[in-house]
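Residues per chain, in single letters:
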Amino acid sequence: MEQSTTVRAETVEKAVKIALTKLNITRDEAQINVISEGKKGLFGFGKQDAIVEVSANQKIDISTLETVMDEPTIEVTKPEVTVQSEAVEEDSLVEEDVVVPVEMIEVAEQEATAETVEQPTTAETKTESETEIDLAAKHELVARYLEDVIRAYGAESTIEVENKRNQLIFNIQTEKSGLIIGKHGKIINALQVLAQVKVHQYDRRRQSIILNIGDYRDRRATVLEQIAERTAKEVLRTKQSVVLDPLPSYERKQIHAYLSKVDHIETHSEGRDPNRYLVVEYKA
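Residues numbered from 1 in each chain as written. Predicted model: local features only at pLDDT ≥ 70, side-chain atom pairs only at ≥ 80, totals over all residues. Heavy atoms only, no water.

## Looking at helix H8 (residues 249-259)
Piece 1. Considered for burial, the residues of H8 that qualify are Glu251, Arg252, Ile255 and Leu259. Taken down its axis, H8 places every buried residue within 105° of arc, on the same side.
Piece 2. Those residues of H8 hidden inside the fold are in contact with helix H6 (186-199), helix H7 (216-238), strand E8 (242-244), strand E9 (265-270) and strand E10 (277-282). (Buried < 20%, exposed > 50% of the residue type's maximum accessible area, 1.4 Å probe, protein only. Helix = DSSP H or I, 4+ residues; strand = E, 2+ residues; numbered from the N terminus. Arc of directions from axis to C-beta. Contact = heavy atoms within 4.5 Å.)

## A few points about the pairing of strand E1 (residues 4-9)
Piece 1. Only one face of E1 is buried, namely the one carrying Thr5, Val7 and Ala9, since none of Ser4, Thr6 and Arg8 on the opposite face is buried.
Piece 2. Sheet topology note: the E1/strand E3 (residues 50-56) ladder contains 6 bridges and is antiparallel. Counted as the bridge partner of serine 4 is serine 55 from E3. (Pairing = 2+ DSSP bridges.)

## A closer look at the sheet that holds E3
Piece 1. Read across the sheet, 3 strands follow the order E1-E3-E2 without closing on themselves; strand pairing throughout is antiparallel. Every interior strand has two partners, whereas the edge strands, E1 and strand E2 (30-36), have only one. Strand-to-strand twist of the sheet, defined as the mean angle between neighbouring strand axes without regard to direction, takes the value 20°.
Piece 2. Here 6 bridges tie E2 to E3, and the two strands are oriented antiparallel to one another. Each residue of the ladder has a partner; that of isoleucine 32, found in E3, is valine 54. (Axes fitted to C-alpha atoms, helices over the stretch in contact; angles between N-to-C directions.)

## Some words on the packing of H7 against H8
Packed helices, taken two at a time, are described by the angle their axes make and the gap between the axes.
Piece 1. Between H7 and H8, the shortest axis-to-axis distance is 9 Å and the interhelical angle comes to 50°. Classified by the angle between their axes, H7 and H8 sit oblique to one another. When the axes of H7 and H8 are compared, the crossing they make is right-handed. Each of Arg217, Arg220, Ala221, Leu224, Glu225, Ile227, Ala228, Glu229 and Ala232 in H7 lies in contact with H8, whose residues at this interface are Tyr250, Glu251, Gln254, Ile255, Tyr258 and Leu259.
Piece 2. Residue composition of the contact of H7 with H8, grouped by class: 9 nonpolar, 1 polar and 5 charged. (Parallel < 35°, antiparallel > 145°, perpendicular 65-115°, else oblique. Left-handed = near helix turned anticlockwise from the far one by under 90°. Nonpolar A, V, L, I, M, F, W, Y, C, P; charged D, E, K, R; others polar.)

## What about the sheet that holds strand E5 (residues 157-164)?
Adjacent strands of a sheet form backbone hydrogen bonds with each other and so pair up, either parallel or antiparallel.
Piece 1. Here 3 strands make up an open sheet; going across it, the order is E5-E6-E7 and the pairing mixed. The open sheet terminates on both sides in strands that have one partner only, identified here as E5 and strand E7 (208-213). In this sheet, neighbouring strand axes are inclined to one another by 20° on average, regardless of whether the strands run parallel or antiparallel.
Piece 2. Against the sheet, H6 engages strand E6 (167-174) and E7, with an angle of about 140° to E7.

## Some details on the nonpolar core
Piece 1. Counting 25 residues, the largest nonpolar core has Leu146, Phe170, Leu191 and Leu211 as its most contacted members.
Piece 2. In contact with leucine 191, not counting residues within four places along its chain, are Leu146, Val149, Ile150, Ile180 and Leu211.
Piece 3. Ala228, Val242, Leu244 and Ile255 belong to the second largest nonpolar core, which has 14 residues in total. (Core = buried A, V, L, I, M, F, W, Y, C linked by side-chain atoms within 4.5 Å.)

## Quick notes on the environment of proline 248
Piece 1. Its place among the elements puts proline 248 in the loop between E8 and H8.
Piece 2. By relative accessible area, which is 23% here, proline 248 ends up partly exposed.
Piece 3. Along the primary structure proline 248 and alanine 190 are separated by 58 residues, whereas in three dimensions their C-alpha atoms are 9.9 Å apart.

Printed below as a string of structure tokens:
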């Protein structure tokens, strides 16, 4: 029978109930360790589930009690599943009290649903070069749209579009980079979702849509690599799983790509966006 389990749920109480049911024990028969009480978040961002570790109390057979008492006591400390937070400082210019404009994303998604992509008729079939020119023009329209959104948010900006292989990069130039990046990159990530929605209305090619300000994405990639490296060391040391904070999909992919090169490490994602997170596990 399973002796311990780690469970994530919306609340500590719910996680405990799930764990007790899974172990088929009562609360009196369990040792409960609250790893994280979770966070409610703001407008759906920053929400984190509660995490508890529940173990069944060890039962000692009375017939072996004397033998157990005669043996020297060895204290065994079981490593806990930890929630890895981003302890690396990212940007001293980041605004601390900026609220993520979730409504912007909702509006963009509604527009994406309402608008239809015009398909050219046989007579209107265009050459590949003409199509590329049309797409480039529409990419510029998306850039102007993002400039309008940023202006409404309180900052002036100029956006240049760079098409690099399977990446479409919108480079933002502004004097208020901290405002647009937001705490832990939440604002620029929300704007990136807007850009993805707008571009995919007419451009169905598989490509990454990236918003960048200066060298922010490069610095962010360095932070993610440090998180991955630190997490790998922790998992290899304790042989216990580590749960990372929720991250956007492309950042989870960056960490996964880094850890895929590390022996005895496996990763997978759990949860739903925007609270989907990466679990790093030990593989024997």
